[in-house]
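Spelled out from the first residue to the last, the chains are:
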Amino acid sequence: MKFQYLEEIDSTNKYARENLKLIEDKTVIYTFKQTAGRGRLQRKWNYLGQGNLYMSFVLKPGKIMMETYSNLTQYLCVVLSQVFEEYGVEPKIKWPNDILIDNKKISGILAEGVVEQNKLEGIVLGVGVNLNATKEILEEINQPATSLNLEIGMPIDCEKFLTKLTDKFCLMYDKFIEEGFLLIKDNYIRRAGFLNKIVTVRVFDKELKGIAAGITDKGALRLIENNKEHVLLIGDIL
Ligand code: BTN
């Protein structure tokens, strides 16, 4: 893995997309000061002060199945969960790729593909991790959120966290590109906090409500709504 540190940037994902041609495969662009971060569902990703991590993996897998591309966020989600566990906390995954601790969000993932002339030039896999946020600043976010320092009661060394995360990400990455979601299915399901519960899922501009009945071998959510099964590859549990 190669690293590029930016003192300050509007968004590491935007920077990575705009400079994709100049950035090598398996590079991490990271900063501790991101001023205009973007999230899923057109949301923004707040800057929570120095000491929190904002990063984007730039990946250029030569040949990749489209479904494996969308599963990459789930791969990163499992890797992130394993790193959190090394700090002694118990993360739960909310499909497809949010990580919660006691129902409070601690990190978010945003994947963006860069396509030129119908060819996938690369994937930018952005992740924001709350590592050293204060309670006061978290209260300004419009959804329940937490930070690793608050969970374990001590400050977190951001560089150390970054190294742990990137090392673990690299460990199985090539195998994952080859094998896809099945490689991580058990690890994903073990941490899934939403299964067998009633959930509301946003799919584009529609909302579906039902029981989260399972995860398929392709990482899709099986949602049962009034005895009708939906198999969702895209969407967000709200
Ligand atoms: C979410 O909505 O949960 C996804 C949030 C993703 C935030 C990260 S921070 C680093 C990277 N750069 C961005 O602008 N967004 C992602």
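Since this is a predicted model, take the numbers as computed values, not measurements.

Enquirer: Teacher, can you tell me more about a nonpolar patch on the surface here?
Expert: A surface patch of nonpolar side chains, amounting to about 360 Å² of accessible area, comprises Phe204, Leu233 and Ile234. Structurally, the position occupied by phenylalanine 204 is in the loop between strand E10 (198–203) and strand E11 (206–215). For phenylalanine 204, a relative accessible area of 66% corresponds to the exposed category.

Enquirer: When you look at the pairing of strand E1 (residues 2–5) in this model, what are you seeing that I'm missing?
Expert: Across four bridges, the pairing between E1 and strand E2 (residues 27–31) is parallel. For lysine 2, the partnering residue across the bridge sits in E2 and is threonine 27. Taken together, E1, helix H1 (residues 12–18) and E2 form a β-α-β motif whose crossover is right-handed.

Enquirer: Which parts of the structure should I look at to understand the sheet that holds strand E14 (residues 236–237)?
Expert: Strands in a sheet are paired, the pairing made by backbone hydrogen bonds, and the direction either parallel or antiparallel. Taken in spatial order, the five strands line up as E13-E12-E11-E10-E14 in an open sheet, and their pairing is antiparallel. The open sheet has two edge strands, strand E13 (228–232) and E14, and neither has a second partner. Direction of pairing for E10 relative to E14: antiparallel, over a ladder of two bridges. Residue valine 201 lies in a different strand from E14, and its bridge partner there is isoleucine 237.

Enquirer: Just to check I follow, could you spell out the nonpolar core for this structure?
Expert: Membership of the largest hydrophobic core comes to 57 residues, with the highest contact counts inside it found for Leu72, Phe161, Phe194 and Leu221. With ten residues, helix H2 (residues 66–86) is the single largest residue contributor to this core. Both domains that meet at this core, namely domain 1 (2–190) and domain 2 (198–237), each give it at least three residues. In this structure, leucine 221 is in contact with Trp95, Phe194, Val201, Ala212, Gly214, Ile215, His230, Val231, Leu232 and Ile237, ignoring residues within four places of it in sequence. The next biggest cluster of nonpolar side chains, apart from the first, holds ten residues, and it includes Leu6, Ile9, Val114 and Val124.

Enquirer: Explain helix H5 (residues 158–179) here, please?
Expert: For an α-helix, 3.6 residues make a turn, and residues three or four places apart therefore share a direction. An ideal rise of 1.5 Å per residue puts 32 Å on 22 residues; H5 measures up with 31 Å between its terminal C-alpha atoms. Approximately 45° is the largest bend angle found in H5, and it occurs at tyrosine 173. Listed in full, the buried residues belonging to H5 are Cys158, Phe161, Leu162, Leu165, Thr166, Phe169, Tyr173, Phe176 and Ile177. Looking at the buried side of H5, the elements it contacts are E1, E2, strand E5 (53–59), H2, strand E9 (119–129) and helix H4 (148–152). The N-capping residue of H5, defined by a side-chain oxygen 3.1 Å from the backbone nitrogen of glutamate 159, is aspartate 157. Following H5 by one or two positions, glycine 180 has its phi on the positive side, about 80°.

Enquirer: Whenever I open this one, the layout of surface pockets confuses me. Can you help?
Expert: Gaps left between atoms are located by rolling a probe of water-molecule size over the structure's atoms. Quantified by volume, the largest pocket comes out at close to 680 Å³. Lining the largest pocket are 27 residues, and of these Arg40, Ala111, Ile234, Gly235 and Asp236 lie nearest its centre. In terms of residue count, H2 provides more of the lining of the largest pocket than any other element does, five residues in total. Here the lining of the largest pocket is composed, by residue class, of eleven nonpolar, nine polar and seven charged. Formed jointly, the lining of the largest pocket draws a minimum of three residues from each of two domains, domain 1 (2–190) and domain 2 (198–237). Its volume calculated, the second largest pocket comes out at about 570 Å³. Around the second largest pocket, the lining is made up of 37 residues, and of these Gly39, Arg40, Lys44, Trp45 and Lys105 lie nearest the centre.

Enquirer: Quick question: what am I supposed to make of the domain arrangement of the chain here?
Expert: Accessible area lost upon the coming together of the parts serves often as the stated size of an interface. When the domains of the chain are assigned, the result is domain 1 (2–190) and domain 2 (198–237). The C-alpha centroid of domain 2 is placed 23 Å from the C-alpha centroid of domain 1. Across the contact, 13 residues belong to domain 1 and 15 residues belong to domain 2. Of the roughly 1200 Å² buried between domain 1 and domain 2, counting both surfaces, carbon and sulfur atoms make up 57%.

Calculation notes
- Residues numbered from 1 in each chain as written.
- Predicted model: local features only at pLDDT ≥ 70, side-chain atom pairs only at ≥ 80, totals over all residues.
- Heavy atoms only, no water.
- Patch = residues over 30% accessible without salt bridge, like charges linked within 9 Å, V, L, I, M, F, W, Y side chains within 5 Å.
- Areas by Shrake-Rupley, 256 points an atom, 1.4 Å probe, with all protein chains shown as cover.
- Salt bridge = Lys/Arg side-chain N within 4 Å of Asp/Glu carboxyl O.
- Helix = DSSP H or I, 4+ residues; strand = E, 2+ residues; numbered from the N terminus.
- Buried < 20%, exposed > 50% of the residue type's maximum accessible area, 1.4 Å probe, protein only.
- Pairing = 2+ DSSP bridges.
- Right-handed = clockwise from strand over helix to strand, strands pointing away.
- Core = buried A, V, L, I, M, F, W, Y, C linked by side-chain atoms within 4.5 Å.
- Domains from an automatic or database assignment.
- Contact = heavy atoms within 4.5 Å.
- Expected span 1.5 Å × (residues − 1).
- Bend = angle between axes of the 7 residues up to and from the residue.
- Polar contact = N/O pair within 3.5 Å; in protein donor to acceptor, adjacent residues only side chain to side chain.
- 1 Å grid on protein atoms, 1.4 Å probe; cavity = no way out; pocket = protein on both sides within 12 Å on 5 of 7 lines; lining within 4 Å.
- Points joined across faces, edges and corners; volume = space filled by probe spheres on them.
- Nonpolar A, V, L, I, M, F, W, Y, C, P; charged D, E, K, R; others polar.
- Buried area = accessible area lost by both parts, 1.4 Å probe.

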